[in-house]
Amino acid sequence: MLALIAAVGIALVGGFVYLRMAGGKPPAIFGHFTRVHDDNTQTTHEHSRAAKRKRRTQAEAAEHATDEVYLTGSDCPAPQGCRFNVTCASDHYTPFIPGCHPRPDVPGSCARIAMSEFASKDEVALLIDMAERGMAGRSKAGGPTILDINGGFLRDPQGVVNIYKGRESLYSVDEYRFYGDIVERIRAFVQASFELDFLYFTAPTFITRLVGNSQWKPKSMHDEYWHMHVDKESTDHYDYSGLLYLSEQGVDFEGGLFRMESPPMVVKPTPGLVLSFSAGRENKHQVALVTEGTRYCLSFWFTCNASRRFKTFLDGKAHDRFEGAPAEVTDARN
Ligand SMILES: O=C(O)CCC(=O)C(=O)O
Ligand SMILES: [Fe+2]
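Quick notes on the rules
- Residues numbered from 1 in each chain as written.
- Chains lettered and ligands numbered in written order.
- Predicted model: local features only at pLDDT ≥ 70, side-chain atom pairs only at ≥ 80, totals over all residues.
- Heavy atoms only, no water.
- UniProt positions renumbered as here; feature names shortened; annotations may be inferred.
- Helix = DSSP H or I, 4+ residues; strand = E, 2+ residues; numbered from the N terminus.
- pLDDT = per-residue confidence, 0-100.
- Contact = heavy atoms within 4.5 Å.

In the nomenclature of an unreviewed UniProt entry, the protein chain is known as Fe2OG dioxygenase domain-containing protein of Tribonema minus. If you open the UniProt record of the protein chain and go to Cofactor (unreviewed entry), you find "L-ascorbate".

A.B. asks: Sorry if this is basic, but what is going on with unusual backbone geometry here?
C.D. replies: For residues besides glycine, phi is generally negative; the peptide bonds are generally trans as well. For the bond from Ala-78 to Pro-79, the omega torsion is 5°, close enough to zero to count as cis. Position of Pro-79 among the secondary structure elements: in the loop between β3 (69-71) and β4 (82-86). The omega angle of the peptide bond from Ser-262 to Pro-263 is -5°, so this bond is cis rather than trans. You can see Pro-263 is positioned in the loop between β12 (258-260) and β13 (265-267). Backbone geometry at Glu-117 places phi at a positive 50°, although glycine is not the residue there.

A.B. asks: How should the confidence of the model for the protein chain be read in this particular structure?
C.D. replies: A low pLDDT score tells you not to read the predicted coordinates there in detail. Mean pLDDT for the protein chain: 80, with 73% of residues reaching 70 or above. Contacts of residues 1-15 to residues separated by more than four positions or lying in other chains number 27 contacts, the stretch itself having pLDDT below 50. Contacts for the low-pLDDT stretch residues 18-47, under 50 throughout, to residues beyond four places or in other chains number 73 contacts.

Spelled out as structure tokens, the structure:
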């Protein structure tokens, strides 16, 4: 225990529980922060489910104990959340935008932050419902289905479609507002957590459904969602990435853990958990293959570049500009 305390510096700064590594060595686990909620209103069934989940979480944590940080969905409750500082990849945030871009010379400028139960159970359920409505009629045989509710763009192993074609009233005005509010809440959270003067939302947002099936084989590179990647390398103006998990690993699906390469970190998706990180090479990451069940996650990106700010978010017209080709969607967004 003493060794663990010595190895992991913990401080409360800016409301966050900061987790620092001594000598670049990650702590074995955020053991201090593992919490399983036990409230008296739970039914017996929920209690046994919670107990099972707790045993499972402890067993999984032990598997990861040697060389990586293992973060579960209940480790980072509000108001503190968790913060894990990393050294910025130098020269990645250029041309430098003061007040927003991470600064490689400032410790803590690049980081990974997390907040459990950022979205409520009802909000998570509505987001899944909106995703399922948008994805209705598409195959659930295996692999990824990616939906951009704003642009109407849906890509799955069968191809690319505009979900609004012939289905203009798929979502109500209140649902669009709800979706926009969630993204704005996360943008504000990321801005505050990274102590930025400003931060802009940039499209797209994706709700990704990953279906596990051992018989399924990818048809194209687009279907291979499990590769290690750097968000800023695929899209230069992404400066901060955000993920809102909607499904529970080990309950709704198997596999599908989120993994950061270096310093190594594994996150167990849990509904309502928000994870955000600076989008550069310091946070190279991957989603492991989902082997069973269905995993939903909402992804979004933020930029410091005012010219990349997405202003017409859910104006009800973005999808009119989409004619079915992903490149045109990109043009319409930028
Ligand atoms: O689903 C996840 O956990 C990560 C998704 C991701 O890396 C991305 O959309 O760029
Ligand atoms: Fe990513």
